[in-house]
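# Structural overview
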Amino acid sequence: MIVLTKRNGEKFLLNHNQIMTVEQIPESKIVMMNRDFYIVKETPEDIIQKIQEYNAKVMDVRREVVVVDKQHRG
């Protein structure tokens, strides 16, 4: 989940795995797989960066768990 900002300044969490498209109109319009959409202040580039950072954190957590598990199996 990534944190985004609505036009009114309200922060919310979005499941980035459900994003279908992101359009710049000039704000960013995020269209979800169920056809719902959100207008947010972040640029498409900001959204992509947030998704990349989230995915990197998830991969690091998985990698650490695997390393810990391998050490304990010894």
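As a reminder, the structure under discussion sits directly above these lines.
Residues numbered from 1 in each chain as written. Predicted model: local features only at pLDDT ≥ 70, side-chain atom pairs only at ≥ 80, totals over all residues. Heavy atoms only, no water.

Here we come to the nonpolar core. In this structure, Ile 2, Leu 4, Phe 12, Leu 14, Ile 19, Ile 30, Met 32, Val 40, Ile 47 and Ile 51 together form the largest nonpolar core, which totals ten residues. For this core, the secondary structure elements donating two or more residues are β1 (2-5), β2 (11-14), β4 (28-32) and α1 (44-73). Here Leu 4 is in contact with Glu 10, Lys 11, Phe 12, Leu 14, Ile 30, Val 40, Glu 42, Ile 47 and Lys 50, once residues within four sequence places are set aside. (Core = buried A, V, L, I, M, F, W, Y, C linked by side-chain atoms within 4.5 Å. Buried < 20%, exposed > 50% of the residue type's maximum accessible area, 1.4 Å probe, protein only. Helix = DSSP H or I, 4+ residues; strand = E, 2+ residues; numbered from the N terminus. Contact = heavy atoms within 4.5 Å.)

We now examine the packing of aromatic side chains. Evaluated as defined, the whole model comprises one aromatic pair. Here Lys 6 stacks its cationic end above the ring of Phe 12, 5.5 Å away from the centre of that ring. For the cation-ring pair, Lys 29 lies above Phe 37, with the distance from its terminal atom to the ring centre recorded as 4.6 Å. (Phe/Tyr/Trp six-rings, centres within 6.5 Å; stacked < 30°, edge-to-face > 60°. Lys NZ or Arg CZ within 6 Å of the ring centre and 35° of its normal.)

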